[in-house]
Every structure is written in structure tokens, then in C-alpha cells.
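# Analysis of the macromolecular model
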Amino acid sequence: MRTTTTIPTALQVLMNHIYELQKGVRHMVLFTCNKKYSELAIQRLESQGIPYLLQPAGQQNLNVYFGRRECLEAIRLIVTRPLNQLTPEEDFILGAMLGYDICAQCERYCKRKGKCQGTCEECINRN
């Protein structure tokens, strides 16, 4: 008889992020998980020799930043409070560092500054 172990979806996502990091697809990752998985996540990162930073994210969750040391050093300086309290500039830098679509980040930045109502293209055509 064969027994199978079900790996929680959150940890499957973590393993995919680690794979992408190791293959050079990403330089830095932000992984948010329920605190009940934090010990397993940390063990996995440490066993792979991957540097990380932890940040509480509400009552139940934890933000785990991991990747290249130079990226984490910048994160340590930028993300000094909960993500929803970042300035538009800090939010933009974080999104760019995480590899988010740069046009979407530009649009998000403009909206957060109260200067944009439409898409990047509409903003460009207006000016």
C-alpha cells in the first residue's frame, strides 16, 4: 500500500518561486502565506541557502521576501511598515523589484498620486 502526502498549495507556490529564483527567472520574490506555514517555508529556504526577510502581514499572514542579498538589503530600507502604508514611490520601486509589469506599475503609481484616471497610453496621449 502506498501513502501519499498532500503538499499544501501555499508550499507548492513557494517551491515554484524557489525554482524560478534558482533558474534566474526572478531575482527577488514576495511570498505571502498563513503563519501556520512559516516554519516550513523558513526551513525550505534555509535548506536551499536562500536569504530571506520576514514581515508580519495582518493577524494571520506573513510576508516572506527572498532572493538576492542586494535586493533584500534594498527591501530592508524601503519596506519599513505594512505594504498598504508605503508611499506611491516605495510601492512603485517594490513592484519593479518584484518584476511586475512596468506599465501596470506606472499606471498604479499615477493613480496613487491622483494624477491618472486611465491607462498608461491614455496618460501619454493626454500630455
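As the structure is a prediction and not an experimental result, all values here were calculated from the model. Position numbers for residues start from 1 in each chain and track the written sequence from start to end. For this predicted model, a pLDDT threshold of at least 70 governs which residues receive local features, and a threshold of 80 or more governs which side-chain atom pairs are given and counted, while totals over whole chains, interfaces and linings are taken from all residues. Just so you know, side-chain values use all the structure's heavy atoms and leave hydrogens and water out.

## Some remarks on the confidence of the model for the protein
Filter applied, for reference: pLDDT measures the predictor's confidence residue by residue and takes values from 0 up to 100. Going along the chain from the N terminus, every DSSP run of H or I of four or more residues is numbered as a helix, and every run of E of two or more is numbered as a strand.
In this model, the protein carries an average pLDDT of 90, and 87% of its residues clear a pLDDT of 70 or more. No element of the protein has a lower mean pLDDT than helix H6 (residues 120-126), which averages 55, and none a higher one than strand S3 (residues 61-67), which averages 97.

## A few points about the pattern of salt bridges
Spelled out, the test is: We define a salt bridge as a side-chain nitrogen of Lys or Arg found within 4 Å of a carboxyl oxygen belonging to Asp or Glu. The classification of residues rests on relative accessible area computed with a 1.4 Å probe and restricted to protein chains. Under 20% of the type maximum is buried, over 50% is exposed, and intermediate values are partly exposed.
Per the stated rule, a full pass over the model turns up eight salt bridges. Residue arginine 112 is joined to aspartate 91 by a salt bridge in which the shortest nitrogen-to-oxygen separation is 3.6 Å. With arginine 112 in helix H5 (residues 102-113) and aspartate 91 in helix H4 (residues 88-97), the pair connects residues that are 21 residues apart, well separated along the chain. Among the residues examined, aspartate 91 registers a relative accessible area of 11% and is labelled buried. Taking the shortest distance from any N to any O, the salt bridge between glutamate 107 and lysine 111 comes out at 3.2 Å. In this pair, glutamate 107 and lysine 111 are both assigned in helix H5, four residues apart and thus about one turn of the helix distant. Judged by its relative accessible area of 18%, glutamate 107 falls in the buried class. The structure contains a network of salt bridges with shared partners spanning Asp91, Arg108 and Arg112.

## Overview of the side chain of glutamate 90
Let me state the cut-off plainly: Pairs of N or O atoms are called polar contacts if they sit within 3.5 Å, as long as, within protein, a hydrogen donor faces a hydrogen acceptor (for residues adjacent in sequence, only side-chain-to-side-chain pairs). The contact definition used throughout considers only heavy atoms, calling two residues in contact when any of these lie within 4.5 Å.
In this structure, glutamate 90 sits in helix H4. Residue class for glutamate 90 comes out buried when judged on its relative accessible area of 18%. A distance of 2.9 Å separates a polar atom in the side chain of glutamate 90 from the backbone nitrogen of threonine 87. Leaving out residues up to four positions away in the same chain, glutamate 90 has contacts with Ile78 and Arg81.

## With respect to the packing of aromatic side chains
The following threshold applies: In summary, the pairing rule links any two rings of Phe, Tyr or Trp, Trp by its six-membered ring, whose centres are within 6.5 Å, and it sorts them by plane angle into stacked for under 30 degrees, edge-to-face for over 60 and tilted for everything else.
Counted by the stated rule, this structure contains one aromatic pair. With 5.9 Å between their ring centres and 65° between their planes, phenylalanine 92 and tyrosine 109 make a pair best called edge-to-face. On the criterion of sequence distance, the pair formed by phenylalanine 92 in helix H4 and tyrosine 109 in helix H5 is long-range, its members being 17 residues apart. The class for phenylalanine 92 is partly exposed, based on a relative accessible area of 24%.

## Some thoughts on the packing of helix H3 (residues 69-78) against H4
Where we set the bar: Each axis is a line fitted through C-alpha atoms, taken for helices only over the stretch in contact, and angles between the N-to-C directions span 0 to 180 degrees. The labels follow the angle: roughly parallel below 35 degrees, roughly antiparallel above 145, roughly perpendicular from 65 to 115, and oblique for the rest. Left-handed is the label given to a crossing in which the near helix is rotated counterclockwise from the far helix by less than a right angle, and right-handed is the label when the rotation is clockwise. Classes in brief: Ala, Val, Leu, Ile, Met, Phe, Trp, Tyr, Cys and Pro nonpolar; Asp, Glu, Lys and Arg charged; the others, Gly included, polar.
In the contact formed by H3 and H4, the axes pass within 11 Å of each other and the chain directions differ by 160°. It follows that H3 is roughly antiparallel to H4 by the angle criterion. Here the hand of the crossing between H3 and H4 comes out left-handed. Side by side, H3 and H4 meet where Cys71, Ala74, Ile75 and Ile78 of the first sit next to Glu90, Ile93, Leu94 and Met97 of the second. Here the contact of H3 with H4 is composed, by residue class, of seven nonpolar, no polar and one charged.

## A few points about H4
What sets the pattern is the α-helix's 3.6 residues per turn: residues three or four places apart point alike. Test applied: Each C-beta atom gives one direction from the helix axis, and the arc is the one those directions make.
Among the residues of H4, those classed as buried are Pro88, Glu90, Asp91, Leu94 and Gly95. Viewed along the axis of H4, the buried residues span an arc of 160°, placing them on a single side of the element. At the exit of H4 stands glycine 99, carrying a positive phi of roughly 85°.

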